[in-house]
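# Analysis of the macromolecular model
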Amino acid sequence: MKDSNFLTEHNARHLWHPMAHPADSLANLPDIIVEGEGVQIMDLDGHRTVDAVGGLWNVNLGYSCAPVKEAIRAQLDRLPYYSIFRGTTNDAVIELSVMLRDFFAPDGLSRAFFTSGGSDSVEIALRLARQYHKVRGDGGRVKYLSLKKGYHGTHTLGASVNGNANFRTQYEPLMPGCFHVPAPYPYRNPFNETDPERLAQLCLAALEDEIKFQAPETIAAFIMEPILGAGGVIPPHHSFMPGVRALCDKYGILLIADEVITAFGRTGSWSGSRHWGVKPDMMCTAKAITNGYFPFGAVMISDQVAEVFEGDTSGKGAIGSGYTYSGHPVGAAAAIACLRETQRLQVKDNAAARGTQLYEGLLKLQEAYPVIGDVRGGHGLMCALELVSDRGTKAPIDKKTIGAIHRTTYENGAMVRVSGNNIIMSPPLILTENDVTTILTALNAGFAAHG
Ligand code: PMP
């Protein structure tokens, strides 16, 4: 490894960080992470912390998952690459498809289309949704609906259905035909409704209104995260996603579950859709599918959607989408090993138990620190604290204070993530009770110093 002077000097000069202002990165040197072990990371100064971010919601099995590392090494030695475009395939990806079919059978999803990550998965699902309607002879269905505050990656279609201006404004005009409806976000919503169940009903009514306004026969798909993630970990009331499913069925609209974060156990269930008892028409996955060790993703497709493509004799069902790295054998080998470990360790159960412990600890912190306006979680290992300078007005806390809380938390043993005025946590699902205590103690130090 290059020495510390070299790394600190050249980091911001020669690389631009995603989701950061280049000037900020020059002024404030990011932490340079050099090692990972178990659920901990270590920076260039040798400071170790529990990674309460879990990489970027993806390192579900931690940093020392030997079977995944071994599978990657072995596949690299045997076949480091081969394409699965028409005419060829590879054995690893076939084996993975069968495992994914079994894993997602309760979600009614049996076919996989492979990608290189979450944004790709979203792009493919949205494209396939339009194509599905064209193949069926219902080609007027081209629009997409989605939730405000939703995050669906940064490709142009994904950005167009994103519900956060930060990822849109500088890139407009985006795709026409994309419309957003209010999210069931009890802490802030246009209805001033704090009761989650009543709010879910209001949001469903707003969705139905928008469907009618746009004309159902023009709408291809509704895309949603079962629990809004990057938008600030916002779990809906349990009636919401089933209500969306019912509206999609009523109006012939495909339901795409964006489970780039929520698939593979994070919510305490094997998928976010299953958590709410819903079968989507397509599901976008990525991240934990390879534990973050290799860029990879998969769109899972229902039998009913698949049969339309597979039964097509007009030629319209031919898929004109795909990536050089779709079905990459090294990614597939990593995913096979991940799925085995994920199931062997039954990580969803630990996610549920540790998620409850973390959420309850965060609620206690809220009692002590008035800057914590809202605590969200209670569905596995994804939690958020929304920070405000005044609980009455809910004015978001300033950037400097939340930055200072983050820094002190880090110095006291936990890496958390700041997103707007939220502190977000999505630790590895193999977290222990002690690790949760470490996170809460570190946060407490952060709030005690700056809260
Ligand atoms: N969808 C969701 C729900 C996500 O959370 C993300 C990434 N955080 C994406 C899509 C995009 O995934 P990627 O960054 O791998 O392209």
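Notes on the structure in this doc start here. Since this is a predicted model, take the numbers as computed values, not measurements. (Residues numbered from 1 in each chain as written. Predicted model: local features only at pLDDT ≥ 70, side-chain atom pairs only at ≥ 80, totals over all residues.)

## Comments concerning the sheet that holds strand 3 (residues 48–51)
Pairing is mixed in the open sheet, where four strands are placed in the order 1-2-3-14. Every other strand in the sheet has two partners, leaving strand 1 (33–37) and strand 14 (414–415) as the edge strands with one partner each. Here strand 2 (residues 40–43) runs beside strand 3; their pairing, made up of three bridges, is antiparallel. In the sheet register, Q40 faces strand 3, and the bridge partner there is V50. (Pairing = 2+ DSSP bridges. Helix = DSSP H or I, 4+ residues; strand = E, 2+ residues; numbered from the N terminus.)

## Some thoughts on the site of the ligand
Around the ligand there are 14 residues in total, and G117, G118, S119, G153 and V260 lie nearest to it. In terms of residue count, the dominant contributor to the shell around the ligand is helix 6 (residues 118–135) (three residues). A class-by-class count of the residues in the shell around the ligand yields six nonpolar, six polar and two charged. (Near = placed C-beta within 6 Å. Nonpolar A, V, L, I, M, F, W, Y, C, P; charged D, E, K, R; others polar.)

## Focus: the pairing of strand 7 (residues 219–224)
Across the six residues that make up strand 7, a large majority, six, are buried. Sheet topology note: the strand 5 (residues 143–147)/strand 7 ladder contains four bridges and is parallel. Bridge pairing in strand 7 links Y144 to A221. Across four bridges, the pairing between strand 7 and strand 8 (residues 254–258) is parallel. By the bridge assignment for strand 8, I223 is matched with I256. (Buried ≥ 20, exposed ≤ 12 C-beta atoms within 10 Å, placed from the backbone.)

## Digging into the pairing of strand 3
The loop that links strand 2 with its antiparallel partner strand 3 comprises four residues; one of these, G46, has a positive phi angle of about 85°. Judged from the two bridges that link them, strand 3 and strand 14 form a sheet pairing that is parallel. Its bridge partner being in strand 14, V50 is matched across the sheet by A414.

## Notes on the sheet that holds strand 4 (residues 109–115)
Strand order in this open sheet of seven strands is 4-10-9-8-7-5-6, and the pairing throughout is mixed. The open sheet terminates on both sides in strands that have one partner only, identified here as strand 4 and strand 6 (178–181). In this sheet, neighbouring strand axes are inclined to one another by 20° on average, regardless of whether the strands run parallel or antiparallel. Packed onto the sheet, helix 8 (residues 196–214) meets strand 5, strand 6 and strand 7 and runs at close to 155° relative to strand 6. (Axes fitted to C-alpha atoms, helices over the stretch in contact; angles between N-to-C directions. Contact = placed C-beta atoms within 7 Å.)

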